[in-house]
Every structure is written in structure tokens, then in C-alpha cells.
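# Fold and geometry: a report
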Amino acid sequence: MANIIEMPKLSDTMTVGTLVKWLKKEGDVVKSGDMLAEVETDKATMELECFFDGTLLKIFSPAGSQVALGAALCAVGKPGETVETPAPKAAPAAEAPKADAPRQEAPPASTPAPVAAQPTAAPSAPASFGDRIKISPLAKKLATEKGIDASLVTGSGPHGRIVREDILAAEKSGSAKAGSTSKSGGASSFAGGAVGAKGPIQQERTVAVSTMRGVIAKRLLESKTTIPHFYLDIEIDAEPLLALREQLNKGLEKAGVKLSVNDFILKGSAEALRRVPDVNAAWEGTQIRYLAAAHVSFAVALPDGLITPVVKDAHDKSIFQVSAEAKSLGKLAKDKKLKPDQFTGGTFCVSNLGMMGIPKFYPIINPPNAAILGVGTTVTKPVVKNGQIVVGQTLTLTLSADHRVVDGAVGAQFLAALKAVLESPALLLV
Amino acid sequence: MPVITYREAIRAALSEEIERDENVVLLGEEVANFHGAYKVSDGLLEKFGPKRIVDTPISEAGFIGMGVGASMLGIRPVMELMFWSFYSVAFDQILNNAANVRYMSGGLINCPIVIRGPANGGTNVGATHSHTPENVLANHPGIKVVVPATAADAKGLLKSAIRDNDPVMFLENTILYGEKGEVSDDPNLLIPLGLADVKRQGTDLTIITYGRSVLHSLVAADILEKEHDVSVEVVDLRTIRPLDFDTVLASVKKTHRVLIVEEQKPFASVGSQLAFMIQREAFDELDGPIHRLATIDAPAFYSPPVEVEQLPNPQRVLKAALAAVA
């Protein structure tokens with residue numbers, strides 16, 4: 001029997017979701033963990049994860065449609081299986097009766113997380129386990145304690161279940177160590193050996209793709225291959241910004257205020273979005289959504305990837321609030337303690353490699369955003385001021401934009417607006 | 001220590017307690033002049049006389065009801081059921097009255113009655129004589145349930161049961177009556193109710209069991225050790241209620257694999273309750289699903305060779321144990 005995948009509740013206030021885009025089409029082979037579609041909720045655009053292995057047999061809700069909570073989105077099953085279009089669900093507002101009535105109508109495969117529903121003693125329906133890892137509770141606990149990635153362990157128990165022995169064996173052999181990426185991969189960059197050192201630069205090895213790396217790979221590949229990027233850059237005079245920053249940090253040192261250049265850029269971006277709001281938008285297949293609030297995200301590098309925490313409503317916050325929030329989000333990100341709503345829902349993204357000495361670069365758009373800002377380093381160089389060549393400080397900002405949403409002129413207006421506010425940074429204080 | 005039979009151990013417990021406390025009496029069908037249908041009370045009439053050892057009519061509802069009433073007035077009756085299968089005739093007296101007296105009187109009246117007799121299959125006495133009602137009894141708060149497997153446990157537990165101030169159901173086994181074991185002749189040696197006994201230490205599998213199934217489990221455990229290199233721990237519950245869950249839990253945390261063996265129909269049995277409690281309290285300690293071996297779910301088979309296969313036996317335990325450690 002085919003599994004009907006329904007519109008899940010992706011935020012606690014959600015009643016309908018907009019099916020932004022199907023990532024799979026009918027006939028595609030899908031497996032558990034694959035992303036099937038992008039769904040926009042009242043909060044953010046999220047990916048709809050598949051919990052079954054099989055073939056995407058039928059799409060019930062086309063891209064662009066608004067779908068009530070619990071209504072059928074698609075069916076996944078064996079190739080050639082016939083699928084009946086499910087009867088439409090009752091109005092999503094009906095909160096009260098959900099405890100019993102709808103469950104009894106369609107017990108199998110009704111929710112996106114039905115994995116626990118089938119008793120283990122039903123070997124006739126192994127497919128209901130999908131791609132889940134079969135592991136005993138004890139083995140699971142041990143794997144967590146010992147930092148072993150159970151997905152890399154072969155189970156020796158009944159039906160391939162991973163049992164305690166398997167985890168102990170994996171521990172002994174040293175295989176299947178979770179997070180080995182960060183430990184071995186991260187150290188290589190600058191630490192380096194002594195000058196003239198001989199021997200291999202590192203041990204040749206393969207490292208399993210972590211969940212985070214998998215997400216980065218998938219999303220950025222999709223972004224770079226499906227979004228028509230175009231790139232603009234602009235050089236700004238950074239002296240006023242640096243001067244104001246120094247003045248504020250000095251004057252407010254006792255209050256614990258320490259603004260970074262990036263704080264000005266985040267707040268400046270929100271201000272520029274207010275002036276050129278067409279950039280604060282998202283492509284949704286059959287429509288373009290223009291967003292009322294500037295939720296500015298910023299990329300934070302982690303040992304094994306990166307994440308983009310979001311300063312919500314940056315347009316309505318003071319630079320000091322933005323700074324404090326960015327600081328705390330950055331710390332949470334490094335500690336891997338961000339909650340989903342702290343890294344989803346951004347409408348515009350800022351990526352800064354200035355601290356690494358990069359003069360300029362063009363980041364890949366972070367969907368569903370329409371644009372991303374690349375921030376380079378502050379460069380001290382000869383500039384022409386009032387007809388004189390003098391020593392100046394400049395900063396190059398770049399914009400990678402989605403041409404489906406933002407045209408060249410709009411992108412240019414945005415960068416011009418950003419230049420204007422950053423070169424008169426006192427505007428950001430009012 | 002003297003080696004005596006399970007039957008003699010029960011007789012010794014009765015004799016010591018009747019001697020110790022003038023309120024202890026033994027009543028039941030054929031317990032006096034015929035010395036008990038299974039000769040448990042052999043010699044007691046001669047020793048204690050007809051006031052203490054009393055034959056009753058074939059009327060379980062009547063004499064159990066009388067015993068419950070007597071116990072409320074301070075007598076400590078030990079009532080023999082020729083077969084536990086006949087408890088259902090006195091269901092109201094046992095499970096409606098005796099079980100609830102202390103609670104419903106606000107603790108003012110207690111009911112120190114012991115009801116004892118054999119509850120087992122395996123002797124081809126047919127479906128109506130082969131019931132094992134420990135789960136039914138244990139389902140009633142206010143009732144204590146004891147199922148001893150060895151002669152020593154039978155003696156020590158029966159003495160505790162007689163001295164207990166609540167109704168205690170004491171389930172013996174006709175096949176065990178002839179089993180011998182070392183039993184202390186110390187009249188002050190009691191085995192408290194609610195204390196399980198680890199009959200065999202092991203590291204790979206916990207078999208939780210009680211009654212005659214303990215013996216089957218011990219035989220299977222030896223085979224598992226010798227032929228399959230599986231080290232089995234055998235936990236004998238001894239008392240179903242109060243249940244010594246601490247001992248069960250400690251063993252589960254040691255071996256991480258569980259097999260429950262019970263001579264009892266599987267539906268809503270003691271084993272199903274245990275399985276629930278174990279997964280609830282020790283989910284993360286389990287390295288495999290909890291397995292259970294029970295009597296095959298049907299009325300007791302009359303055919304002797306088939307009845308052997310209906311009940312737990314060493315071969316069935318062995319097979320179930322191998323599945324549980326897979």
C-alpha cells in the first residue's frame with residue numbers, strides 16, 4: 001500500500017502551507033531522508049522530508065498551491081502501484097477531535113513520522129521501517145555515549161539489528177567514529193608542519209558526509225544550478241564607519257558595547273532593504289513573495305560546515321540590539337545550540353570573509369532568499385579625495401542576486417543604498 | 001541440612017506454625033482423616049487433633065467463606081484447595097471479600113487467611129483441573145501471591161504467609177511435591193514475601209520465572225552454558241505480589257537480554273506485566289526485545305505427550321533462550 005504523505009505541521013501556528021516547489025517529480029525513486037519539496041509556512045520555508053523508501057507515485061498538490069494541514073501532498077510506494085486520490089481532510093481548524101477520529105480512519109502512514117507505529121514482530125512489512133537504522137535501545141545508548149555513528153555499523157542481530165556487540169566491535173576497530181570530519185579535517189589549515197617538513201601532508205582517508213555537510217552540499221548545489229545568479233560589487237569609503245565604530249566603542253566601553261564592522265553591515269543591510277525592498281523577496285515558482293520584515297541572517301563558520309543564524313526584524317532594531325543579538329546567536333551557533341527558529345526564516349543573508357583578508361568574493365545565494373551580500377576586508381590604499389591622492393580605507397561589498405526576482409538595476413540600487421548608509425553611518429543610529 | 005521433599009517441607013511449615021500459634025488451623029477437603037488428597041497433611045490430625053485439622057464438605061464457596069470470616073475474627077486459617085482450579089467456585093469470597101476487607105474497613109479489620117493447594121498442569125487431569133490463576137489473583141490489590149519452586153522456599157514462604165496479616169494465595173505444584181531439596185529444620189527460619197531469588201548467576205541472558213518453570217530454566221541454562229556458551233541468570237520471583245522488581249531490574253541491567261518463562265496462559269499473564277515494566281523502566285538497557293515462553297494458549301490438553309509440549313519444558317526454554325540472545 002502506498003504511503004500518503006500529508007502536509008505536516010512545520011510550525012506551531014501553521015494551519016496551511018504553501019507548496020513552494022517540488023524537489024522530486026512523479027516517477028522519481030525516493031528514499032527516507034530525501035527532501036521532497038519546499039513548503040513555506042507562516043514562519044519559514046522548510047523542506048519536506050521523506051520518511052519512506054519507494055517511488056514518488058503521485059503528486060496531489062502542485063507547486064504554488066496552498067495546502068491545509070494534514071491534506072495529502074503526494075504518495076510514495078512501489079512502482080506501478082495504483083494510488084487513489086485521498087478524500088480531502090476536514091477543515092484544518094478542527095483542533096479538538098484530532099486525538100482519535102482521524103487516526104482510526106487511516107492508521108498506517110498517516111503522519112510524516114509514523115516510524116514507531118509498526119510492531120517489530122511484523123516481518124511481513126519490513127518496508128515500514130524504511131531507511132531507519134534498526135538498533136537495540138542499549139546499542140543506541142552505547143553508540144551515543146561512545147560517539148559512534150550507528151549508520152556506519154553493520155548489525156548482526158535478527159533482521160540486521162545493531163546490538164551491543166556490534167557497537168563494542170565498532171569501538172574496538174575505531175571505525176564509525178562520529179564527527180571524525182571535524183577532528184581530523186579541521187586541524188590542517190594553518191597549523192601546518194615546520195618549514196621544510198617532509199612526508200605526507202595528511203593521512204589519506206575517506207570521511208563520511210555528515211548531516212550538515214550533506215545539507216550544505218545539497219542546498220548550495222541546488223542554488224547554484226537552479227538560481228540564475230548575477231553579481232555586482234561596489235567599493236565604499238570605510239573611514240566614516242571605522243571612525244564612528246571607534247568612537248562608539250570607546251564612549252560606550254563601560255556599558256559593555258563593542259560593535260563590529262559586521263554589526264554595521266547587518267544593520268546597514270536592513271536599512272538598505274527598507275530603501276530598496278524589492279530585494280527582500282523570494283521566488284516561489286508561480287509567484288514572488290515580497291516580505292514585510294528584514295530578517296537578516298549571517299553565515300557563521302563551524303569546524304565542519306556553516307550555519308546562518310537570523311537576526312529577526314533587523315529593520316526594527318537598533319544597531320546595539322542587532323549587535324547583541326548577533327553576538328549571542330554567533331555563540332549559540334558555535335556551540336551548536338541554535339534552535340531551528342533561530343536559523344530559519346531569514347530574508348536576506350550576509351557572508352563576511354573580511355577577517356580572513358579576502359578583498360571580495362561572490363557568495364552563493366541561500367534559498368529562498370533573493371540575494372546575498374559578500375563582505376570583504378577593509379583595505380588601506382591610495383584613494384582620490386578632493387582631487388588629491390591620499391591614504392584611504394575601503395571596503396568592497398558584493399551582491400549575488402537571483403535574476404528571477406531582482407534585476408540588475410534593482411541590485412545596483414540596493415548596493416548604492418547600502419553604500420550611502422554605510423558611508424554616513426550615523427544614519428544607523430537614528 | 002536435612003534433605004526432604006517439597007511436600008514434607010510444606011507439612012513441616014504447617015506443623016511448626018500450628019504448634020507455634022494456637023490460632024493457626026488447617027481446613028479443607030480430606031485434609032484430616034484422608035491426610036490430604038496429595039498427602040501434604042499426613043500425620044497432622046494425629047498430632048494436633050480435630051480442632052486444628054478440620055475436614056470440610058466439598059463446597060469451596062462455603063468453607064473459604066467461613067475461613068475468610070474466621071480470619072476477620074482473629075483465627076489464622078490455612079485453607080487447602082484440592083486443586084487451585086476450584087478457586088473460581090469461591091471467587092467472590094476470595095477476590096471480592098478477602099481482598100477488600102482491610103481497605104473497606106479503613107484498616108480496622110484484616111484478613112490473615114492463607115489459601116493453598118496445587119496449581120499446575122502436566123499430570124493429565126484435564127482442562128478443568130489444570131488452571132494456574134496467579135495472574136488473576138495478582139490482578140487484585142489486597143491479595144498476595146506466592147509460587148514456590150523449591151522445598152526450602154515452600155517452607156520458608158508458607159511460614160511467612162501464615163504469619164502475614166493479609167490474604168495470601170499459596171500456589172503449589174503436584175509435580176513438585178516429590179522434589180527433594182535441603183531444607184532447614186530451624187522453626188524460626190522465614191523467607192520474607194516479596195523477595196526474589198537469583199537461582200543461578202549469569203551474564204548473557206536473564207530468565208525471569210517462578211514455580212516449576214524455575215527447574216526447567218535451570219536445566220536449560222546448563223545446556224546453554226555447555227553447548228552454546230551462553231551464560232544464563234535465572235531469577236526466581238518466588239512471590240508474584242508483592243513483586244521484587246528491584247532484583248529483576250538489576251539482572252536486566254546486567255545481562256541486557258530477557259526471557260520470561262511461566263507455566264501460564266500468555267494472554268494478560270504475569271509475564272506480560274513484567275515485560276511492560278521492564279521496557280518501561282529499563283528500555284535503554286535492552287539489547288533485544290523481551291521474549292516470553294508460556295503455556296500454549298489453549299485449554300489444558302488431556303493427551304499426555306501433547307500436554308508436555310503445551311507447558312514450558314527444558315527444550316522449549318532452550319529454544320526460546322536462543323531466540324532471546326540472537
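Look above for the structure.
Residues numbered from 1 in each chain as written. Chains lettered and ligands numbered in written order. Predicted model: local features only at pLDDT ≥ 70, side-chain atom pairs only at ≥ 80, totals over all residues.

## Description of the overall build of chain B
Within chain B one finds twelve helices and 14 strands. Counting over 326 residues, chain B shows a buried share of 53%. (Helix = DSSP H or I, 4+ residues; strand = E, 2+ residues; numbered from the N terminus. Buried ≥ 20, exposed ≤ 12 C-beta atoms within 10 Å, placed from the backbone.)

## Some remarks on the packing of helix H8 (residues 261-275) of chain A against helix H9 (residues 319-334) of chain A
All names here are of chain A. At a minimum axis separation of 9 Å, H8 and H9 run at an interaxial angle of 120°. Here H8 is positioned oblique relative to H9, judged by the angle of their axes. Relative to H9, H8 is oriented so that their crossing is right-handed. Residues Asp-263, Phe-264, Leu-266 and Lys-267 of H8 touch H9, and the partners they reach there are Ile-319, Val-322, Ser-323 and Ala-326. (Axes fitted to C-alpha atoms, helices over the stretch in contact; angles between N-to-C directions. Parallel < 35°, antiparallel > 145°, perpendicular 65-115°, else oblique. Left-handed = near helix turned anticlockwise from the far one by under 90°. Contact = placed C-beta atoms within 7 Å.)

## Description of the sheet that holds strand E1 (residues 3-6) of chain A
Residues and elements named next belong to chain A. Taken in spatial order, the four strands make up an open sheet running E1-E8-E6-E3, and their pairing is antiparallel. Each having just a single partner strand, E1 and strand E3 (29-30) make up the two edges of the open sheet. Bridge analysis of E3 against strand E6 (residues 54-59) gives two bridges, and the strand direction is antiparallel. Residue pairing in the sheet places Val-29 in a bridge with Thr-55 of E6. (Pairing = 2+ DSSP bridges.)

## What about the environment of Val-31 of chain B?
Residue and element names in this part refer to chain B. Following the sequence through the fold, Val-31 ends up in the loop between strand E2 (24-28) and helix H2 (44-48). Of the residues examined, Val-31 has 24 C-beta atoms within 10 Å and is grouped as buried. Each C-alpha atom of the pair Val-31 and Leu-44 lies 8.7 Å from the other, and the pair is 13 residues apart in sequence. Residues within four places of Val-31 in sequence aside, it is in contact with Leu-26, Gly-36, Ser-41, Ile-53, Asp-55 and Glu-80.

## A few points about the interface of chain B and chain A
With nine residues of chain B in contact, the opposing surface of chain A contributes ten residues. Tallied by class, the residues present in the side of chain B that touches chain A amount to four nonpolar, two polar and three charged. (Nonpolar A, V, L, I, M, F, W, Y, C, P; charged D, E, K, R; others polar.)

## Section: the environment of Ala-268 of chain B
Mapping Ala-268 of chain B onto the fold places it in the loop between strand E13 (258-261) and helix H10 (270-282). By the C-beta count within 10 Å, which is 12 here, Ala-268 of chain B ends up exposed.

## Some words on the pairing of strand E4 (residues 76-80) of chain B
Residue and element names in this part refer to chain B. In terms of burial, E4 is largely enclosed, as five of its five residues are buried. Alternating residues of E4 divide into Arg-76, Val-78 and Glu-80 and Pro-77 and Met-79, and every residue in both groups is buried. Where E2 and E4 come together, five bridges link them in parallel fashion. Across the sheet, residue Gly-28 finds its bridge partner in E4, namely Glu-80. As paired elements, E4 and strand E5 (residues 114-118) share three bridges and run parallel to each other. Each residue of the ladder has a partner; that of Val-78, found in E5, is Val-114.

## Description of H9 of chain A
For an α-helix, 3.6 residues make a turn, and residues three or four places apart therefore share a direction. All names here are of chain A. Across its 16 residues, H9 extends 22 Å between first and last C-alpha, which sits within 8% of the 22 Å expected from 1.5 Å per residue. If you check which residues of H9 are buried, you get Ile-319, Val-322, Ser-323, Glu-325, Ala-326, Leu-329 and Ala-333. Elements in contact with the buried residues of H9: H8, strand E12 (296-298), strand E13 (300-302), strand E14 (305-307), strand E15 (310-311) and helix H10 (340-343). One or two steps after H9, the chain reaches Lys-336, where phi turns positive at roughly 55°. (Expected span 1.5 Å × (residues − 1).)

## What about the sheet that holds strand E12 (residues 239-241) of chain B?
Residue and element names in this part refer to chain B. With respect to topology, seven strands assemble into an open sheet ordered E3-E2-E4-E5-E7-E6-E12, the strand pairing being mixed. At either end of the open sheet lies a strand with only one pairing partner, and these are strand E3 (53-55) and E12. Adjacent strand axes in the sheet meet at a mean angle of 20° when their direction is disregarded. Pairing of strand E6 (residues 144-146) with E12 involves two bridges; the strand directions are antiparallel. Considered in E12, the bridge of Val-145 is made with Arg-241. Helix H1 (residues 6-20) rests against E2, E4 and strand E7 (168-172) of the sheet, and its axis sits at about 135° to E2. Its contacts with the sheet place helix H7 (residues 151-163) against E2, E4, E5, E6 and E7, and it is angled at close to 160° to E7.

## Looking at unusual backbone geometry
Residue Pro-368 of chain A is bonded to the preceding Pro-367 of chain A through a cis peptide linkage, with omega at 10°. Mapped onto the fold, Pro-368 of chain A is located in the loop between strand E16 (348-352) and strand E17 (371-385). Look at the link from Arg-241 of chain B to Pro-242 of chain B: it is a cis peptide, with omega at -5°. With respect to the secondary-structure elements, Pro-242 of chain B resides in the loop between E12 and helix H9 (245-255). The backbone of Asp-229 of chain B shows a phi angle near 55°, a positive value even though the residue is not glycine. Relative to the assigned elements, Asp-229 of chain B resides in the loop between helix H8 (213-228) and strand E11 (232-236).

## Description of the pairing of E16 of chain A
Residues and elements named next belong to chain A. Within E16, five of the five residues are buried, leaving the element largely enclosed by the surrounding structure. Relative to E16, E12 runs parallel, the two sharing three bridges. Paired with Val-296 across the two strands is Phe-348, which belongs to E16. When E16 meets E17, the two strands line up parallel, connected through four bridges. Paired with Val-350 across the two strands is Leu-373, which belongs to E17.

## Brief notes about the environment of Val-153 of chain A
Residues and elements named next belong to chain A. Topologically, Val-153 is positioned in the loop between helix H2 (137-146) and helix H3 (164-173). Taking the C-alpha atoms as reference points, Val-153 and Val-163, separated by ten residues in sequence, lie 9.8 Å from one another. Beyond its immediate stretch of four places on either side in the chain, Val-153 contacts Ile-148, Ile-162, Asp-166, Ile-167, Ala-170 and Ala-176.

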